[in-house]
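Given next are the chains, with one letter for each unit.
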Amino acid sequence: MDATSGPLVGFKSEPWYPRAAVTSVTESDDAPAGFSGHILHVRWASIPLLIPTKSLMDAEWWNNQSSSWGYWLEGEPTSVESTENGWVVDFPAHQAFVLPMDEDGHGRRLSELNCDYLHTAIGGIQYGGRDVILVFEKREMSAMNLDSKNLKLIGETLGQFHTVCGQNLALPNDERLWNKRLDILEPRTRSATKWRAPHSPDTQGTITHRNFDLSNCLLEGDRIIITGCVGGVRNALLPHSSPSPAIRDLAAAVLQLSPEERQIFCDAWSDKAPPHWSSSKALDGHRGGIQIWEYEKQLENRLFHQAWGQDEPIEVTRFFAGISTLQNRMYQARTLAAAGLICFSIPPCAALYWIFYPDAIAPTISDIGAMTALFGIGWILRRLYRAAAPKPW
């Protein structure tokens with residue numbers, strides 16, 4: 001359906017419809033009142049799809065709906081816009097996001113944080129744990145230039161949001177499932193790359209924005225407000241099997257920035273984010289750091305462009321072209337680490353031999369000097385290994 005027509009009229013031409021990935025659409029009896037149920041079959045999954053049974057400009061249809069949580073709309077619809085996430089319906093004091101697909105009600109989850117830094121829904125309809133309609137208050141917000149001052153403000157706001165998230169959920173890192181997600185994305189996007197990471201214990205799973213982008217950040221007076229607090233179609237196409245770390249949102253933002261802008265933005269974020277989430281261990285490139293989440297985000301970008309039959313942006317292609325070079329540098333660094341470990345281990349083994357082995361020959365000054373030199377070489381190699389780590393930003 002389009003913005004004003006009846007059910008199933010031309011919905012396959014809607015901007016939210018992943019036409020290149022869909023293999024078929026079948027009927028389903030599983031739907032809330034006012035919606036027809038369908039199953040959207042894509043190459044890798046079957047996803048519940050809900051389509052309004054009448055025009056979204058139909059005031060009677062809206063009068064027959066009521067919220068399953070929070071507040072509901074007042075007045076009659078004034079306009080409808082089709083977007084990549086569904087339909088946005090304007091009311092005098094509110095906007096309603098009508099979502100044909102959703103993953104797990106993430107819009108409501110963000111609302112329940114009661115976070116002052118987010119523009120979240122005040123109510124809506126859920127069905128089967130998924131958001132169907134989300135109601136937002138209209139607020140006076142405007143876009144901004146991404147200059148140094150505003151990048152710093154956005155970074156601080158994102159860090160403050162993550163602090164609130166950490167107070168609500170902080171789980172031990174789920175390295176197995178995070179790496180499994182990459183194992184799914186790589187063949188699904190037909191990418192020739194393969195990358196896994198031994199994540200740091202400081203990299204904890206939490207509530208994230210999931211769809212963070214710098215364009216989501218708007219000015220309200222002198223404050224930054226993060227918008228786009230909706231799960232929607234893309235999350236339904238690629239569901240999350242485990243809570244991700246906060247640096248996933250960070251990685252989504254820095255892909256668009258120059259090295260200097262990344263430094264400003266990420267330094268501001270680390271000043272406000274929970275200290276262990278922005279620690280040197282959490283950001284250690286040898287253990288994944290922010291780089292592995294940039295990689296995951298670009299795999300997502302590639303998948304979504306393929307799903308909608310769109311040409312891949314050149315920056316995505318260039319990113320993947322540089323992965324092998326990055327991995328080669330990291331492999332060379334690990335070789336240094338292994339050599340350093342060997343050099344560290346020989347002196348104590350030699351000392352134990354000299355002390356406890358009955359027939360051991362007493363060490364000479366040269367022997368002791370050699371062991372000291374090996375220990376020093378090991379220390380140097382470890383420093384070189386640390387210096388070879390990809391910079392956090």
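All of these numbers come straight from a predicted model, not from anything done at the bench. (Residues numbered from 1 in each chain as written. Predicted model: local features only at pLDDT ≥ 70, side-chain atom pairs only at ≥ 80, totals over all residues. Heavy atoms only, no water.)

Engineer: Can you lay out the pattern of salt bridges for me, pointing to particular residues and giving the numbers?
Structural biologist: Scanning all chains against the criterion turns up 19 salt bridges. The closest approach of N and O atoms between Glu84 and Arg234, which form a salt bridge, is 3.5 Å. Of this pair, Glu84 sits in the loop between β5 (79-83) and β6 (86-90) while Arg234 is found in helix α5 (residues 233-237), placing the two residues 150 residues apart along the sequence. The partly exposed category is assigned to Arg234, whose relative accessible area is 24%. A single network of salt bridges, built from pairs that share partners, joins Arg181, Arg248, Glu296, Lys297 and Glu300. (Salt bridge = Lys/Arg side-chain N within 4 Å of Asp/Glu carboxyl O. Helix = DSSP H or I, 4+ residues; strand = E, 2+ residues; numbered from the N terminus. Buried < 20%, exposed > 50% of the residue type's maximum accessible area, 1.4 Å probe, protein only.)

Engineer: Just give me the short version of the nonpolar core, but keep the residues and values in it.
Structural biologist: Counting residues in each nonpolar core, the largest one holds 83 residues, and the members touching the most others are Trp16, Trp62, Ile133, Phe161, Phe212, Leu250 and Phe265. With seven residues, helix α8 (residues 291-307) is the single largest residue contributor to this core. Once residues lying within four places of it in the same chain are set aside, the contact partners of Phe265 are Leu151, Ile154, Gly155, Leu158, Phe212, Leu214, Leu250, Ala253, Val254 and Leu257. (Core = buried A, V, L, I, M, F, W, Y, C linked by side-chain atoms within 4.5 Å. Contact = heavy atoms within 4.5 Å.)

Engineer: Describe the pairing of strand β10 (residues 217-220), listing the residues and the values that go with them.
Structural biologist: With four bridges connecting them, β10 and strand β11 (residues 223-226) associate as antiparallel partners. Note on β11: the bridge partner recorded for Leu218 is Ile225. Between the antiparallel neighbours β10 and β11 lie two residues, among them Gly221 with a positive phi of about 70 degrees. (Pairing = 2+ DSSP bridges.)

Engineer: Can you lay out empty space enclosed by the protein for me, pointing to particular residues and giving the numbers?
Structural biologist: One pass over the full model with this rule turns up four cavities of 30 Å³ or more. Of the pockets and cavities examined, the largest cavity occupies roughly 60 Å³. What lines the largest cavity is simply Leu177, Trp178, Arg181, His240, Ser241, Ser242, Ser244 and Trp293. Top contributing element to the lining of the largest cavity by residue count: helix α4 (residues 175-188), with three residues. Here the residues of the lining of the largest cavity sort into three nonpolar, four polar and one charged. (1 Å grid on protein atoms, 1.4 Å probe; cavity = no way out; pocket = protein on both sides within 12 Å on 5 of 7 lines; lining within 4 Å. Points joined across faces, edges and corners; volume = space filled by probe spheres on them. Nonpolar A, V, L, I, M, F, W, Y, C, P; charged D, E, K, R; others polar.)

Engineer: An account of the packing of aromatic side chains is needed here, citing residue identities and associated values.
Structural biologist: Evaluated as defined, the whole model comprises 16 aromatic pairs. Here Phe35 and Trp61 contribute two aromatic rings whose centre-to-centre distance is 5.4 Å and whose plane-to-plane angle is 70 degrees, an arrangement assigned as edge-to-face. Taken together, the residues Phe35 in strand β2 (residues 35-42) and Trp61 in helix α1 (residues 59-63) connect sequence positions 26 residues apart. Summarising the burial analysis for this pair, Phe35 and Trp61 share the class buried. Between the aromatic rings of Trp195 and Tyr295, the centroid separation amounts to 5.4 Å while the plane-to-plane angle is 55 degrees, which identifies the pairing as tilted. Residue Trp195 is found in the loop between α4 and β10, and its partner Tyr295 is found in helix α8; the two are separated by 100 residues along the sequence. Geometry around Trp308 places Arg234 over its ring, the cationic atom sitting 5.0 Å from the centre. (Phe/Tyr/Trp six-rings, centres within 6.5 Å; stacked < 30°, edge-to-face > 60°. Lys NZ or Arg CZ within 6 Å of the ring centre and 35° of its normal.)

Engineer: Just give me the short version of the side chain of Thr189, but keep the residues and values in it.
Structural biologist: Structurally, Thr189 is set in the loop between α4 and β10. Judged by relative accessible area, which is 2%, Thr189 ranks as buried. Here the side chain of Thr189 touches Leu185 through a polar contact of 2.8 Å, landing on its backbone oxygen. A distance of 3.2 Å separates a polar atom in the side chain of Thr189 from the backbone oxygen of Glu186. Leaving out residues up to four positions away in the same chain, Thr189 has contacts with Leu299, Arg302, Leu303 and Gln306. (Polar contact = N/O pair within 3.5 Å; in protein donor to acceptor, adjacent residues only side chain to side chain.)

Engineer: Go over the pairing of β5 with me, naming the residues and quoting the values.
Structural biologist: Here five bridges tie β5 to β6, and the two strands are oriented antiparallel to one another. Bridge pairing links Glu81 to Val88 in β6. In sequence, β5 turns back onto β6 through a hairpin of two residues.

Engineer: Tell me about the environment of Ser142, and please be specific about residues and values.
Structural biologist: Structurally, Ser142 is set in the loop between β9 (130-137) and α3 (148-168). For Ser142, a relative accessible area of 37% translates into the label partly exposed. Placed 22 residues apart in sequence, Ser142 and Thr120 show a C-alpha to C-alpha distance of 16 Å. Every residue in contact with Ser142, bar those within four places of it in the chain, is listed here: Leu218 and Leu219.

Engineer: Give me the lowdown on the sheet that holds strand β1 (residues 22-28), citing residues and values where you can.
Structural biologist: The pairing of strands in a sheet happens through backbone hydrogen bonds and is either parallel or antiparallel. Taken together, three strands build an open sheet; the order of strands is β1-β2-β3 and the sheet is antiparallel. The two strands at the open ends of the sheet, each matched to only one other strand, are β1 and β3 (46-52). On average, each strand axis in the sheet is tilted by 30 degrees relative to the strand beside it, whichever way the strands run. As paired strands, β2 and β3 are joined by seven bridges and run antiparallel to one another. Pairing of His41 across the sheet is with Ser46, part of β3. (Axes fitted to C-alpha atoms, helices over the stretch in contact; angles between N-to-C directions.)

Engineer: Which residues make up helix α6 (residues 247-254), and what values go with them?
Structural biologist: Judged by how many residues are buried, α6 sits mostly within the fold: eight of eight residues are covered. If you check which residues of α6 are buried, you get Ile247, Arg248, Asp249, Leu250, Ala251, Ala252, Ala253 and Val254.

Engineer: Residue-level account of the layout of surface pockets, with values.
Structural biologist: Approximately 190 Å³ is the volume found for the second largest pocket. Among the residues forming the lining of the second largest pocket, the class breakdown is eight nonpolar, one polar and three charged.

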